[in-house]
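Breakdown of the fold
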Amino acid sequence: MFKKLAGTNKVQENITKVHAAIDMINSRLDGFDQKLAQTKDAMSTIIDQVANLESNKESSLYEFKKTMEEIKDLKQKLETNVNALVFLKDNIKKNLVSDLKTQVEKEVKAIHSETIRYFELKKDINESALLLKNFNQNIVKLNDISQEIKKADFELNKHFQNMKAADSEKLNLAREVDRLQGLIARERRRRN
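All values reported here derive from a predicted model rather than from experimental measurement.

So, the overall build of the chain
Assigned secondary structure in the chain consists of 1 helix and 0 strands. For 192 residues, the compact-globule estimate of 2.2 N^0.38 gives 16 Å, and the chain exceeds it by more than 25% at 70 Å. Counting only C-alpha atoms and orienting by the principal axes, one finds that the chain spans roughly 220 × 80 × 30 Å. Buried positions account for 0% of the 192 residues belonging to the chain. Per element, the accessible surface of the chain, about 18,500 Å² overall, is 61% carbon and sulfur.

Shown next, in the form of C-alpha cells:
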C-alpha cells in the first residue's frame, strides 16, 4: 500500500510539474500574443508610412529634381570660381616670382657693393696697418734720435756751460785788461 501511495505521489509530482510547464507555456504564448499584437501595430504603422511615402513620392521627386538643378548650378558656379582662383593663383605666383627676383637682384647688388666696400676697406686697413707699422718704426727711430739728441744736448749744454764760463772769464779778463790799461795810462800820465 505504501508502494501505491509512493507511486501516486510521484504521479502527483509529475502532474504538478506538467501543470507548471503548461503554465509557463501559456505565459510564453501570452507574451507571444502581445508581441504579435505589437508587431501588427508596427506593421500597420509601416504600411501607413509606406502609403504616406507613396503619396509624397511625387512631391519628393519634384523637390529632388529641383535640388539637382540647384546642385548643377552650384557646381557650375564652383567650377567658375575654381577657374578664377587658378588664374588668380597663377598671376599671384608670377607676380611673387617677379617681385622675389627683383628683391634678390637688389640684395645681390647690395651685397656686391658691400663686398667691394669691404675689400676696399680691407685694403685701406692693410695700408693703414703698414703705415702704422712704419710709424711705429719711425717713432722708435725718433726715440733713438731723441736719446742721442738728449746726449748731444747734454754735451752741448756742457759745452755751452764751458763757453759761458769762458765768456765770463774773457769778460773778467777784458775788464782786468781795461783796468790794467787804465792803470798803465794813469801811470804814464803821472810819469809824464
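From this point, the discussion proceeds with the structure in view.
A closer look at the pattern of salt bridges
Side chains that carry opposite charge are capable of pairing whenever their charged atoms lie near each other. Taken as a whole and judged by the stated rule, the model has 3 salt bridges. A salt bridge links Arg179 to Glu176, with the nearest nitrogen and oxygen atoms 2.8 Å apart. Here the residue Arg179 and the residue Glu176 both occupy positions in helix H1 (residues 2-191), the gap between them amounting to 3 residues, near one helical turn. A relative accessible area of 34% places Glu176 in the partly exposed class. Note that Glu187 and Arg190 form a salt bridge whose closest N and O atoms lie 2.8 Å from each other. One end of the pair is Glu187 and the other is Arg190, both in helix H1 and 3 residues apart, which spans about a single turn. Here Glu187 falls in the partly exposed class, since its relative accessible area comes to 33%.

Section: the packing of aromatic side chains
Within this structure, the stated rule accounts for 1 aromatic pair. Judged by centre distance (5.3 Å) and plane angle (65°), the rings of Tyr118 and Phe119 are edge-to-face. According to the relative accessible area criterion, Tyr118 is partly exposed, its value standing at 48%.

Overview of a negative patch on the surface
A surface patch of negative charge is lined by Glu63, Glu69, Glu70 and Asp73. Note that Glu70 resides in helix H1.

Regarding a nonpolar patch on the surface
A surface patch of nonpolar side chains, about 370 Å² in accessible area, is lined by Met43, Ile46, Ile47 and Val50. Judged by its relative accessible area of 46%, Met43 is partly exposed.

Topic: the environment of Ile111
Take Ile111: it is sitting in helix H1. In this structure the C-alpha to C-alpha distance between Ile111 and Ser60, which are 51 residues apart in sequence, comes to 72 Å.

The rules behind these values
- Residues numbered from 1 in each chain as written.
- Predicted model: local features only at pLDDT ≥ 70, side-chain atom pairs only at ≥ 80, totals over all residues.
- Heavy atoms only, no water.
- Helix = DSSP H or I, 4+ residues; strand = E, 2+ residues; numbered from the N terminus.
- Rg over C-alpha atoms; globule rule 2.2 N^0.38 Å.
- Buried < 20%, exposed > 50% of the residue type's maximum accessible area, 1.4 Å probe, protein only.
- Areas by Shrake-Rupley, 256 points an atom, 1.4 Å probe, with all protein chains shown as cover.
- Salt bridge = Lys/Arg side-chain N within 4 Å of Asp/Glu carboxyl O.
- Phe/Tyr/Trp six-rings, centres within 6.5 Å; stacked < 30°, edge-to-face > 60°.
- Patch = residues over 30% accessible without salt bridge, like charges linked within 9 Å, V, L, I, M, F, W, Y side chains within 5 Å.
- Lys, Arg positive; Asp, Glu negative; His and termini not counted.
- Charge placed at Lys NZ, Arg CZ, Asp CG, Glu CD.

Limitation: the analysis is restricted to geometry and does not speak to function.
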